[in-house]
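Next come the chains, spelled out residue by residue.
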Amino acid sequence: MTKPTTDTDQPHARLALIESALHAFAHHGINGVSLRTIVADAGQHNQSAIHYHFKNKQGLVVAVLAYVSELLAPEMQRSLADFAQQPSVNWRPLDLTELICRPFIKIDTDGGVGRTAIKFMSRLTWQEGGQGQLLLVQAVQPYFSQFSPALIALNPGKPIDMLTFQLYLAVNTLIHGLADSGLLTRSPAMGVEQIRRDKPKQMLNYFMGYIAGGLFTPVDTEAPTALD
C-alpha cells in the first residue's frame, strides 16, 4: 500500500494516487477497480482528489501511462544508443529483436514496480472502447519507429503496411507474453512452469526467437490461405 500523505502535500499526493492506480489497474483491470479504492489505498481522505489532480478516471490512466513511460525511458535510450553503433544492414534478426525488446524485459525482470508496469500495459489494451490500446500505441510508437531502417533492410521486398502490422503484433506479443509468463508459476500448464523456474534464460531465448520469427517471416500476399 502507498505511504499515506496529507491532502495538502500536493506533489506527493499526486504521486501516491498514480502509484496506487498503477497497482490497482495492473491487478484488477482499468474497469475492475473503483476510484474510491484507489484514493483510499493512496492514503488520501478527500474523495475528490482524483478529480483535482486528473479531472477523471481517464486522466488518471493517462498519468499512470506517463509514469510507466518514464520507467522505460532510460532503458529505451540505452537500446537506441546501441542501435546507432552499427549500420542497419549489419543487424541479425534475432539480435535486433532482443535489442528492441530489451527495455521491457529489463523492467520486468527487475521485478517490483517494473513488473507491475508491464501488467498495467497488458491490462490497458483491454480497456473498453479501444482507448487503452490507442494510448499504448501512441506511447511506444516513437521508440519502435526508430528501428524502422533496420526492420526495412532486414525485410527486403515486404510491403511497409505488412511490416507495420507485424511490428504491431510483435509489440502486443511482447507485452502480453511478459505479463502472462508470471502466471505460469501459479497455474501449471503442461510443465511450462518448470522452464520458467529452472531455465529462465532459455525460456527468454525461446520467447525472443518466437517474436523474431513472426517479425521477420516473409509474406506472400498472393499465396492462397485457409481463409480463402
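Above this note sits the structure.
The model shown is predicted, which means the values in this text are computed figures rather than measured ones.

Definitions and limits used
One numbering rule holds for all chains: residues counted from 1, following each sequence as written. In keeping with the model being predicted, local features are shown solely for residues with a pLDDT of at least 70 and side-chain atom pairs are shown and tallied solely at 80 or more, while totals for entire chains, interfaces and linings include all residues. The side-chain figures draw on all heavy atoms in the structure; neither hydrogens nor water molecules are used. Numbering of helices and strands runs from the N terminus, with a helix taken as a DSSP run of H or I at least four residues long and a strand as a DSSP run of E at least two residues long. Surface exposure here means Shrake-Rupley accessible area, sampled with a 1.4 Å probe, where a residue is shielded only by the protein chains that are shown. Buried residues are those whose accessible area, probed at 1.4 Å on protein chains only, stays under 20% of the maximum for their type, while exposed residues exceed 50% and partly exposed ones sit between those limits. Residue contacts are defined here by distance: any two heavy atoms, one from each residue, within 4.5 Å place the two residues in contact. Residue count minus one, scaled by 1.5 Å, sets the expected span of a helix. Bend at a residue means the angle formed by two fitted axes: the first through the 7 residues ending at that position, the second through the 7 residues beginning there. For our purposes a nonpolar core is just a set of buried Ala, Val, Leu, Ile, Met, Phe, Trp, Tyr and Cys residues, chained together by side-chain atoms within 4.5 Å.

*Asks:* How should I be thinking about the overall build of the protein chain in this particular structure?
*Replies:* Of regular secondary structure, the protein chain possesses 11 helices and zero strands. Along the chain direction, N to C, the helices and strands of the protein chain fall in the order α-α-α-α-α-α-α-α-α-α-α. Of the accessible surface of the protein chain, which amounts to about 12700 Å², a share of 58% is contributed by carbon and sulfur atoms.

*Asks:* What should I look at first to understand the environment of H28 in this one?
*Replies:* Structurally, the position occupied by H28 is in helix α1 (residues 10–28). Here H28 falls in the partly exposed class, since its relative accessible area comes to 48%. Excluding residues that lie within four positions of it along the chain, H28 makes contacts with V33 and R123.

*Asks:* How do you make sense of helix α7 (residues 131–145) when you look at a structure like this?
*Replies:* A turn of α-helix holds 3.6 residues, and therefore any two residues three or four places apart point the same way. Between the first and last C-alpha of α7 there are 21 Å, a value that for 15 residues agrees with the 21 Å anticipated at 1.5 Å per step. Where α7 bends most, the angle comes to about 35°, and this point is A139, followed within four residues by the proline P142. Among all positions in α7, only G132, Q133, L135, L136, V140, Y143 and F144 are buried. On its buried side, α7 packs onto α4 (57–83), α5 (93–109), α6 (113–124), α8 (148–153) and α9 (160–181).

*Asks:* Help me understand the nonpolar core in this model?
*Replies:* Here is a general trend for soluble globular proteins: nonpolar side chains tend to be buried in one another's company. Core analysis: the largest hydrophobic core is formed by 62 residues, its most contacted members being F25, F104 and F120. The leading source of residues in this core is α4, at 11 residues. Discounting residues that sit within four places of it in the chain, F104 has contacts with L72, M76, I118, M121, V140, Y143, F144, L174 and L178.

*Asks:* Can you help me understand α1 in this one?
*Replies:* Counted at 1.5 Å a residue, the expected span for α1 with its 19 residues is 27 Å, and the 26 Å between its end C-alpha atoms agrees. Those residues of α1 that sit buried are A13, A16, L17, I18, S20, A21, L22, A24, F25 and A26. Check the buried side of α1 and you find it contacts α2 (35–41), α3 (49–54), α4 and α6. Just downstream of α1, G29 is the residue with a positive phi angle, here 90°.

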